[in-house]
Amino acid sequence: MKPQESSQESVPRMALALAQAMATFQPSLPLAVAYSGGADSTALLVACAEKWPNEIRAVHVHHGLQAAADDFAAHCEAFCTRIGVPIEVHRVRAHPMPGQSPEEAARTARYEIFRALPHAVCSGVAINSIALAQHADDQVETMLLALSRGAGLPGLAAMPARWSDGDLMFHRPLLAVPGADLREWLKRRGIGWIEDPSNADQRYTRNRIRAQLLPALQAAFPAFRSTFARSAAHAAQGAQLLADLGAEDLTRVGDPPAIGRLRELSAPRLANLLRLWLLKCHKTTPSAAQLNELVAQIGDCKTRGHRIRIKVGRGFVVRHGEVLDWYNPALSDGPQA
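Residues numbered from 1 in each chain as written. Predicted model: local features only at pLDDT ≥ 70, side-chain atom pairs only at ≥ 80, totals over all residues. Heavy atoms only, no water.

Draft legend 1. Quick look at the packing of helix 2 (residues 39-51) against helix 7 (residues 179-188). Across the interface, helix 2 lies against helix 7 with an axial gap of 9 Å and an inter-helix angle of 65°. Viewed along their axes, helix 2 and helix 7 form a crossing whose handedness is left-handed. Residue-level inspection shows Ala39, Asp40, Thr42, Ala43, Val46 and Ala47 of helix 2 in contact with helix 7, the latter providing Leu182, Arg183, Trp185 and Leu186. Here the residues of the contact of helix 2 with helix 7 sort into 7 nonpolar, 1 polar and 2 charged. (Axes fitted to C-alpha atoms, helices over the stretch in contact; angles between N-to-C directions. Helix = DSSP H or I, 4+ residues; strand = E, 2+ residues; numbered from the N terminus. Left-handed = near helix turned anticlockwise from the far one by under 90°. Contact = heavy atoms within 4.5 Å. Nonpolar A, V, L, I, M, F, W, Y, C, P; charged D, E, K, R; others polar.)

This is the structure:
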């Protein structure tokens, strides 16, 4: 009797986690749901369709990377027909470029489709909001990947629950819901889904985390999903404060930055400003070693004859008179300052 009672007690908890997430999820309508056919996106699609009947559109991206991709699309179309949700299937060529992973290529192609939604018509309706189905386990995996890379606060903040990109608002309403709860919720309602065979391939780091590290964390720290989520939220707040401070400093030192004003900043504040300047103004990100070298060079830049030329990303940070500049030699003959 005890195992049966435990199972019965778990039903409200699983239902409650999803219900609480959906209760606080208030996007603009109509809403697109990124639907792969997997358990997570299936649960999100069903929950949204039940909360907002006739206001949901499914968007499925056919990446063309697996032999089963046609079967995935057919399953999604059949399921959407069954529950009465219009679906758009977009076929893309997501083959990775040299130096690009298959996951990155697929994600890039997928987000290009999503970003086009406000400028297209999805099943006869313009879309300005889209929901993605990443959940609590995905958030933990993202944080662990960031830690493995030695990431700073933006990386440790993991995935935001809500952000805008042009005219499109992205939402991740399930970040507080464990993946196992979503699957159990579907099972108890008799709703099926498809399994992506690549999810079991432990050549991928994220899959190794899911198969090996998450069970160990569950055994040692049963509440790790919620505590990791709090840590991510604290990191996100800290990252926002640093971004605000960097924006104020960038206004003060100018663009291109005046070296004399840069030298007035403390080393941590200077590093924060340089990171923001390179990303915001030149769409490039320095490595830790490159950033440390740049901070040191600016500190030593006490004479007019002191040269600076440091490789950052695909270009170089250089001194040009009394200011810094960054340029890509493949796109220009030299600094533009």
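After that view, the rundown keeps rolling.
Draft legend 2. Spatial organisation of the pattern of salt bridges. The final tally for this structure, using the stated rule, is 13 salt bridges. Of the charged contacts, one joins Arg269 and Asp249 as a salt bridge, the two residues approaching to 2.8 Å between their closest N and O atoms. Here Arg269 is found in helix 11 (residues 267-282), whereas its partner Asp249 is found in helix 9 (residues 224-253), with 20 residues between them in sequence. Since its relative accessible area comes to 0%, Asp249 is described here as buried. Across the salt bridge formed by Glu322 and Arg304, the nearest N and O atoms sit 3.2 Å from each other. (Salt bridge = Lys/Arg side-chain N within 4 Å of Asp/Glu carboxyl O. Buried < 20%, exposed > 50% of the residue type's maximum accessible area, 1.4 Å probe, protein only.)

Draft legend 3. Summary view of the sheet that holds strand 6 (residues 168-171). The strand order 3-2-1-4-6-5 describes an open sheet built from 6 strands, whose pairing is mixed. Either end of the sheet is taken by a strand with one partner, and the two such strands are strand 3 (87-91) and strand 5 (162-165). For this sheet the average axis-to-axis angle between neighbouring strands, irrespective of direction, equals 25°. The pairing of strand 1 (residues 31-34) with strand 2 (residues 56-62) spans 4 bridges and is classified as parallel. Bridge pairing links Leu31 to Ile56 in strand 2. Where helix 3 (residues 69-83) meets the sheet, its contacts fall on strand 2 and strand 3, and the angle it forms with strand 2 comes to roughly 170°. Relative to strand 2, helix 4 (residues 102-115) is tilted by about 145°, and along the sheet it contacts strand 1, strand 2, strand 3, strand 4 (129-131), strand 5 and strand 6. (Pairing = 2+ DSSP bridges.)

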